[in-house]
Amino acid sequence: MNGGRSVAGEGAAPRASGGRLGWLFDPKLAAVALASVAVVVAGGLVQVSFGAYSMTVGEAWRAALDPAVLLDPRWLLQFVVGEGLMRSITGFQGELPELAHGTLIVWNIRLPRVFVAAIVGMNLGISGAIFQAVTRNELASPFILGVSSGAGLMILLTLVMFGGLAAFLPLIAALGGAVAFLIVYAIAWKNGTSPVRLVLAGVIVGTVFNSLQTGLFFFADDIGVVQSAIQWTTGSLTGTDWEQVRMALPWTAVAVVLSLAGSRQLNLLLLGEQTAKSLGMSIEKVRFALSGVAVLAAAASIAVAGIVSFVGLIVPHMVRNLVGSDYKRVIVGCLFVGPALMVAADVGARLGMGVLTGADAQVPVGIVTGLIGGPYFLYLMRKQQHMGEL
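Residues numbered from 1 in each chain as written. Predicted model: local features only at pLDDT ≥ 70, side-chain atom pairs only at ≥ 80, totals over all residues. Heavy atoms only, no water.

- Going by the annotation in an unreviewed UniProt entry, the name recorded for the chain is Cobalamin import system permease protein BtuC, with Halorubrum persicum given as the source organism.
- In the Subunit (unreviewed entry) part of its UniProt record, the chain is described as follows: "The complex is composed of two ATP-binding proteins (BtuD), two transmembrane proteins (BtuC) and a solute-binding protein (BtuF)."
- The record in UniProt for the chain states the following under Subcellular location (unreviewed entry): "Cell membrane". (UniProt positions renumbered as here; feature names shortened; annotations may be inferred.)

1. Details of the overall build of the chain
And step 1. Looking only at helices and strands, the chain features 17 helices and 0 strands.
And step 2. With the principal axes as the frame, the chain shows a C-alpha extent of 65 × 55 × 45 Å.
And step 3. Intrachain contacts of the chain at a sequence separation of at least 6 include 77% that bridge at least 24 residues.
And step 4. Surface exposure of the chain reaches about 17900 Å², of which carbon and sulfur atoms provide 67%.
And step 5. Averaging the coordinates of the 23 positive side-chain charges in the chain and doing the same for the 19 negative ones gives two points 14 Å apart. (Helix = DSSP H or I, 4+ residues; strand = E, 2+ residues; numbered from the N terminus. Contact = heavy atoms within 4.5 Å. Areas by Shrake-Rupley, 256 points an atom, 1.4 Å probe, with all protein chains shown as cover. Lys, Arg positive; Asp, Glu negative; His and termini not counted. Charge placed at Lys NZ, Arg CZ, Asp CG, Glu CD.)

2. With respect to helix H17 (residues 365–383)
And step 1. With 19 residues, H17 extends 27 Å between its outermost C-alpha atoms, agreeing within 8% with the 27 Å of an ideal straight helix rising 1.5 Å per residue.
And step 2. Inspection of H17 places Val365, Gly366, Val368, Thr369, Gly373, Tyr376, Phe377 and Leu380 among the buried residues, and these make up the whole buried set. Viewed along the axis of H17, the buried residues span an arc of 155°, placing them on a single side of the element. Facing away from the buried side of H17, by more than 90 degrees, are the exposed residues Leu371, Pro375, Met381 and Arg382. (Expected span 1.5 Å × (residues − 1). Buried < 20%, exposed > 50% of the residue type's maximum accessible area, 1.4 Å probe, protein only. Arc of directions from axis to C-beta.)

3. Let's talk about unusual backbone geometry
And step 1. Positive phi, close to 55°, is recorded for arginine 136, a residue that is not glycine.
And step 2. For arginine 136, a relative accessible area of 14% puts it in the buried group.
And step 3. We note that phenylalanine 310 has phi near 75°; this positive angle belongs to a residue other than glycine.

4. What to know about the packing of helix H7 (residues 147–161) against helix H9 (residues 195–217)
Geometry of a packed helix pair, given as the angle between the helix axes and the separation of the axes.
And step 1. The contact between H7 and H9 brings their axes to 9 Å, and the two run at 20°. For the element pair H7 / H9, the angle class is roughly parallel. H7 and H9 meet at a crossing whose hand is left-handed. Every residue of H9 that contacts H7 at Ser149, Gly150, Gly152, Leu153, Leu156, Leu157, Val160 and Met161 is listed here: Gly206, Phe209, Asn210, Leu212, Gln213, Leu216 and Phe217.
And step 2. Along the lines of polarity and charge, the residues of the contact of H7 with H9 split into 9 nonpolar, 6 polar and no charged. (Axes fitted to C-alpha atoms, helices over the stretch in contact; angles between N-to-C directions. Parallel < 35°, antiparallel > 145°, perpendicular 65-115°, else oblique. Left-handed = near helix turned anticlockwise from the far one by under 90°. Nonpolar A, V, L, I, M, F, W, Y, C, P; charged D, E, K, R; others polar.)

5. Section: the packing of aromatic side chains
And step 1. Applying the stated rule across the entire model yields 8 aromatic pairs.
And step 2. Chaining the aromatic ring pairs together yields one cluster made of Trp75, Phe79, Trp107, Phe115 and Trp242.
And step 3. The ring of phenylalanine 92 has arginine 74 sitting right over it, with the charged end atom 4.6 Å from the ring centre. (Phe/Tyr/Trp six-rings, centres within 6.5 Å; stacked < 30°, edge-to-face > 60°. Lys NZ or Arg CZ within 6 Å of the ring centre and 35° of its normal.)

6. Looking at H7
And step 1. The terminal C-alpha atoms of H7, which comprises 15 residues, lie 21 Å apart, in line with the 21 Å expected from a rise of 1.5 Å per residue.
And step 2. The set of residues buried in H7 consists of Val147, Ser148, Ser149, Gly150, Ala151, Gly152, Leu153, Ile155, Leu156, Thr158, Leu159 and Val160.
And step 3. For H7, the elements touching its buried residues are helix H6 (101–135), helix H8 (169–188), H9, helix H10 (223–234) and helix H14 (283–305).

7. Some details on the UniProt feature "transmembrane region" (unreviewed entry) in the chain
And step 1. Within this numbering scheme, the UniProt entry marks residues 29–53, 114–131, 143–162, 168–187, 199–220, 288–315, 327–349 and 361–381 as carrying the feature "transmembrane region" (unreviewed entry).
And step 2. Taken as a whole, residues 199–220 contains 86% helix and 0% strand, while its terminal C-alpha atoms sit 32 Å from one another.
And step 3. Spanning residues 361–381, this segment combines 81% helix with 0% strand, and its end C-alpha atoms are found 34 Å apart.

8. Details of the environment of isoleucine 307
And step 1. Tracing the chain through its elements places isoleucine 307 in the loop between H14 and helix H15 (311–323).
And step 2. It is 17 Å that separates the C-alpha atoms of isoleucine 307 and alanine 344, two residues lying 37 residues apart in sequence.

9. A closer look at the confidence of the model for the chain
And step 1. On average, residues of the chain score 84 in pLDDT, and 90% of them reach the 70 mark or higher.
And step 2. For the chain, the element scoring lowest by mean pLDDT is H10, at 78; H6 scores highest, at 93.
And step 3. Every residue in residues 1–13 scores below 50 in pLDDT, and together they form 24 contacts with partners more than four places removed in sequence or on other chains. (pLDDT = per-residue confidence, 0-100.)

10. Description of the side chain of glutamine 132
And step 1. Relative to the assigned elements, glutamine 132 resides in helix H6.
And step 2. Here leucine 313 takes part through its backbone oxygen, which lies 3.3 Å from a polar atom of the side chain of glutamine 132. (Polar contact = N/O pair within 3.5 Å; in protein donor to acceptor, adjacent residues only side chain to side chain.)

11. Observations concerning a nonpolar patch on the surface
And step 1. Together, Met161, Phe162, Leu165, Phe168, Leu171, Phe218 and Phe219 give the surface a local cluster of nonpolar side chains, amounting to about 830 Å² of exposed area.
And step 2. In this structure phenylalanine 219 comes out as exposed when scored by relative accessible area, which is 57%. (Patch = residues over 30% accessible without salt bridge, like charges linked within 9 Å, V, L, I, M, F, W, Y side chains within 5 Å. Salt bridge = Lys/Arg side-chain N within 4 Å of Asp/Glu carboxyl O.)

12. Digging into the packing of H7 against H14
And step 1. Orientation of H7 relative to H14, taken along the N-to-C sense of each, is 40°, at an axis distance of 10 Å. When the interaxial angle is binned, H7 and H14 end up oblique. For the crossing formed where H7 meets H14, the hand is right-handed. Residues Val147, Ser148 and Ala151 of H7 pack against Val295, Ala298 and Ile302 of H14.
And step 2. Grouping the amino acids of the contact of H7 with H14 by side-chain chemistry returns 5 nonpolar, 1 polar and no charged.

Structure representation (C-alpha cells):
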C-alpha cells in the first residue's frame, strides 16, 4: 500500500494537456499506437503465411491486399457481416466474382484469427484498465475479480453435464462471467462497496469457482470433452473464423465507446472516494456502471477465445508506463497495445511448438500470455518500489 497515492502523482488529478482533445495529439500516445499497429501488421503477415497451404510472406501480403476484395464492398460485407446481411444491405442477389485460391484461404481462414486476436486483446486491455481504476488496485483484472472463473465454471458445467448446449458455449461463458461479478458485488456490498472489499470478494469467488472447476473434471468421461474444456479454460484461438468476429464486434464497439465516455469518471475515482464525492459523483452508481462495461468487454473476449490469462492485467501497466496515467490516454493506449500483445502471443502459440520440436502442433494462446505475464510482473516488482494500490 502507498497511502492512497494517485496514479497521476501525489495528490494530483490526472489531467490531459492541450485542452479537451489535446491528449489525442500526444506524441507518446501516437508513437505507442504506431508501434502497436506495426506489431499487429507484422504478426498478421506471419500468421497468414503459415498453414497447410504454404505461402511466402509476399504472396500472403498480396492475398491480404487483393483489390478484388478491398475494392469490392460486397466481399468485405460478406466477410464482416455475413452473406445474408450483405445481400440485404446491397440488394445484390447474383454470384460474387470468383477470388484467387490464395485470397480465399487468407480471407476465409487465416485473417479472421488475426482479427479475433486483436478484438480479444482490445477487450481484455480496457476491461483490466477499468477494473484497476474502479478498485484502485493495479493488480485487479477480470481474473482477480471472478469474471474469468465464473465463465470457466459455466464452460465446464456445460461440456460435462449439458453437452447438448455446446453450440451456445460462447453465450453461456459470457453469462457466467457476468453472473460471477454480480455475486462478487453482492458479497462486497455493506452499505456500499469499497475497492478492498471488491478485490477480496473477487478472490473468494474465484477460489470457490476454480475449485468447482477442478472437481468437474472428475465427472468427464470423454477425453474429447476434457480437451475441449482445457482449450476453453486456457484460452485458444484455434479454429476461429468470421463468426467469432461477428459475435464479438458489436459488443466490443459498445464497450469501447462507453469506456472512452467514462474516462473522466475513472480519473475521478483514482483521486479517492471523498474527493470524488465532493465533486458531485455518485460513487456506487458510477462504480457499478463502469464495472458493467468492464464485464461486457471481458465477456465479449471470453465468448470467442475462452479465458486468456494476464492480458487484462499487464496491458494497462504497459500503457501507463508508456503514456502516463490519464485515463483518456490509458483507454486509447489499451485499444492498441492489447491487440499487439495478443497477435504477437498468438504467433508464438501457433509457431512455437513447431520451432522447438518440429511438430505441427499449436498451444493455447493463454499459455503464451501466461509465460509473458509472469516475467513481466517480476520485472515490475524489481523496478517499482510500490505495487498494489493505485
